[in-house]
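Examination of the molecular architecture
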Amino acid sequence: MAITASDLIAGRKDPVTCRQDMDAFTALKIMLENDYSQLPIVDHFRRQYGIVTAEGILRAQVYMGASLNNLHVSHVTDKARLISSDDNILEVFDYLHESPAVLVVDTSNKLLGIITSWDAASFLKQRTIDLIMIEDIEQALKDHITWSAQQIRPGSWETFLNELSERIKSRKAESIKYTRRLIGMLAQTTAVESVKKLSDEEIEAALEKVTPSDKNSANFSRLNMSNYIDMLLSKDIWAIASENLKIEANYLRRLLDSVREIRNQLAHFRGTVTTEQRQILQYASRIFTNHTVPNSGNAVEILRENLLQSIKLNESNIQNDLTETQSRYFPLGQFLSSITQDTASISVTFEQIDAILGFSLPKSALEHRSWWANDYTSHVQSQQWLNADWKVSHVDFNLQKVEFSRISERARKYKTFFRKIRAKFLEVDQSLNKSIRVTGESWINVEPVRFAGKSQIGVFSLSFTSDRRFRIELYIDSGEKNKNKAIFNRIIENRQNLENTLREALSWESMENKRACRIAIYAPGSIEDSDSQLSGLIEWAANRFMPFKANLLLTIQNAVAEIEATNQLL
């Protein structure tokens, strides 16, 4: 950690100070004129004596009943926290927890500067702005790489990107080539000719011992900035990307290498960013702002009347599903989930998103591409559209529009998962409907609930939820809200018996603002989990679905019969 107190006061003028014999009125006036809340106290040689605060002056006036002109700074002097110019930034922050300001002094106690809580906040704010600029640039790199890959392999661009990621990240063949040259040189100096006979496999095994490679295959979203620069400037990608960026590759590499060095400097707290470095970041950011990737050209424009209709149709669902623990961006995920499966991409204005959310997008969303990054972990807003199986494919800040595209890879994952579920279920119960439809959605209906001569009452289904859970459920929907609620209330009368039989608590969801009701059991899980975790979910569902269905099927049959017998509903 190389950032010290001297970095926080670098480039500043000498701090405004006062003397002990100054009257309190004059000291307070100096504070007001400079918008300060404290002043360091020094002698003629600028050696510090302490600190005086506006709060301390007012307290002295109240306690002593004296006018400010009759009080001297010496009457309101507080002991100051002194630090050295080479104290690191973490120590400075710790001291500021105890005091609103610290004085930076040299070995002779001479005042060098003052650091306040406001200074620390400003310092962190500027670093955050710098990092956001870098994140915007990195996101732009990924956008250009992704766009180029889509042009190279339209039907399998995700696979192409991961293959390219693996090549960029590993460089194993290069390592073997240079290691063989090194062995040859060593053999000449040590006269050990046998080492020259080592095979590539033996060299690779030796390299693994001293520099073990990442056992996980490279993933495009998990590369570092250096990898993204190499990938953008690789032969195939650059052949496409250069048409958009319109610049020589070597010039762009020089600029991006500078950005990467600044990024590493910030990430590892190796000093502060200079004015020149910040100008480099701003210039690189403008380059990519002025040369964005083209939009798909086939996104469905969301018309105002259609948007309002969708919001109205989904309003009750959103109100019911939104809990205190969920993100305020949840309605956006709900809206995207309502888009029909035959729509591959949509274009929505920032104003329309405001209407969906019920509040205005933050300023950062209107200015920074990184706000719209498809990040599964750190961005609460992106989790909403990603969990709804959509991703941001293009942002136009000039037109204030964002384009969302369906995640085709997600659909394939859902199909694979639910086909395995279907096969597993049929192994356990051959009576299940063998034509269970697997469509690539985040859910499947396993079996409808209907009785002889009766219309459908509901359906047993499986689904992934937006909050990273997997659900087995009985979804009660006869088409009539009153009937659904009556059936649900009858079933819940048997809650204790059902839960005792199943040996676990059920989730009883009356969903008052919706027509339907739900009874479910949940397990943690997302389609983005590892293969072993998804296999565990399949086993979990296979073990619980059949008992869940059998017990609830009998209970719902009795509930419907009782309701009809008592003529509660016609």
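These remarks concern the structure in this document. (Residues numbered from 1 in each chain as written. Predicted model: local features only at pLDDT ≥ 70, side-chain atom pairs only at ≥ 80, totals over all residues. Heavy atoms only, no water.)

1. Brief notes about the overall build of the chain
Helix and strand content of the chain: 21 helices and 14 strands. Taken over 570 residues, the chain has a buried fraction of 44%. Across the chain, every contact between residues at least 6 apart in sequence was considered, and the portion connecting residues at least 24 apart equals 61%. (Helix = DSSP H or I, 4+ residues; strand = E, 2+ residues; numbered from the N terminus. Buried < 20%, exposed > 50% of the residue type's maximum accessible area, 1.4 Å probe, protein only. Contact = heavy atoms within 4.5 Å.)

2. Comments concerning the sheet that holds strand β3 (residues 81-84)
Hydrogen bonds between backbone atoms are what pair the strands of a sheet, whose relative direction is either parallel or antiparallel. In space, the 3 strands of this open sheet follow the order β3-β4-β5, with mixed pairing throughout. Because the sheet does not close on itself, it has two edges, and the strands there are β3 and β5 (111-116). When strand polarity is set aside, the average angle formed by the axes of neighbouring strands in this sheet is 35°. (Pairing = 2+ DSSP bridges. Axes fitted to C-alpha atoms, helices over the stretch in contact; angles between N-to-C directions.)

3. Side note on a nonpolar patch on the surface
Taken together, the side chains of Val62, Tyr63 and Met64 present a nonpolar region at the surface, about 390 Å² in accessible area. In this structure, Val62 sits in helix α3 (residues 54-64). (Patch = residues over 30% accessible without salt bridge, like charges linked within 9 Å, V, L, I, M, F, W, Y side chains within 5 Å. Areas by Shrake-Rupley, 256 points an atom, 1.4 Å probe, with all protein chains shown as cover. Salt bridge = Lys/Arg side-chain N within 4 Å of Asp/Glu carboxyl O.)

4. Focus: the side chain of Glu499
Here Glu499 shows up in helix α20 (residues 495-502). Filtering out sequence-adjacent residues up to four positions away, Glu499 remains in contact with Glu504, Ala505, Leu506 and Trp508.

5. With respect to unusual backbone geometry
What you tend to see is this: most non-glycine residues have negative phi, and most peptide bonds are trans. At Asn109, a residue that is not glycine, the phi angle is positive and equals roughly 75°. Relative to the helices and strands, Asn109 resides in the loop between β4 (101-105) and β5. When its relative accessible area of 30% is taken as the criterion, Asn109 is described as partly exposed. The residue Gln400 is not glycine, and still its phi comes out positive at about 55°. Following the sequence through the fold, Gln400 ends up in the loop between β8 (390-396) and β9 (401-406). The exposure class of Gln400 is partly exposed, given its relative accessible area of 38%.

6. Some thoughts on the pairing of strand β7 (residues 345-349)
Most of β7 sits inside the fold, with 4 of its 5 residues counted as buried. Bridging between β7 and β9 involves 5 bridges; their strand directions are antiparallel. What sits directly across from Val348, in β9, is Val402.

7. Brief notes about helix α11 (residues 249-267)
Look at α11: 26 Å from first C-alpha to last across 19 residues, which is about the 27 Å you get at 1.5 Å a residue. Listed in full, the buried residues belonging to α11 are Leu252, Leu255, Leu256, Val259, Ile262, Gln265 and Leu266. As for α11, its buried residues are in contact with α5 (117-152), α9 (225-232), α10 (235-245) and α12 (275-290). Count one or two residues on from α11 and you reach Phe269, which has phi positive near 55°. (Expected span 1.5 Å × (residues − 1).)

8. Quick notes on the nonpolar core
Soluble globular proteins tend to pack their nonpolar side chains together in the buried interior. Grouped together as the largest cluster of nonpolar side chains are 46 residues, with contacts concentrated most on Phe417, Phe418, Ile421, Leu462, Phe470 and Ile491. Those elements giving two or more residues to this core turn out to be α18 (408-428), β10 (443-449), β11 (458-464), β12 (469-476), α19 (481-492), α20, β14 (517-524) and α21 (531-565). Among the elements that line this core, the one with the most residues is α21, at 14 residues. When sequence neighbours within four positions are dropped, the list of residues in contact with Phe417 reads Phe464, Phe470, Ile527, Leu534, Leu537 and Ile538. One finds Trp157, Met225, Val273 and Phe288 within the second-largest nonpolar core, a separate group that totals 35 residues. (Core = buried A, V, L, I, M, F, W, Y, C linked by side-chain atoms within 4.5 Å.)

9. As for the packing of aromatic side chains
All chains considered together, the criterion is met by 21 aromatic pairs. Centre to centre, the rings of Tyr414 and Phe418 are 6.5 Å apart; their planes meet at 25°, and the pair counts as stacked. Of this pair, Tyr414 and Phe418 both sit in helix α18, 4 residues apart, which is roughly one turn of that helix. As far as burial versus exposure is concerned, Tyr414 and Phe418 are alike and both buried. Joined through ring pairs, the aromatic side chains of Tyr329, Phe350, Phe359, Trp371, Trp372, Trp385, Phe397 and Phe404 make up one cluster. The aromatic ring of Tyr522 is capped on one face by Arg469, whose charged end is 3.9 Å from the ring centroid. (Phe/Tyr/Trp six-rings, centres within 6.5 Å; stacked < 30°, edge-to-face > 60°. Lys NZ or Arg CZ within 6 Å of the ring centre and 35° of its normal.)

10. Notes on the sheet that holds β10
Across the sheet, which stays open at both edges, the 5 strands sit in the order β10-β11-β12-β14-β13 with antiparallel pairing between neighbours. Since the sheet does not close on itself, it has two edges, and those belong to β10 and β13 (507-509), each with one partner. Each adjacent strand pair in this sheet contributes to an overall mean axis angle of 20°, direction not counted. Most of the contacts of α18 go to β11, to which it runs at about 130°, and overall it touches β10, β11 and β12. Each of β12, β13 and β14 is contacted by α19, which is oriented at about 60° to β14, the strand it contacts most.

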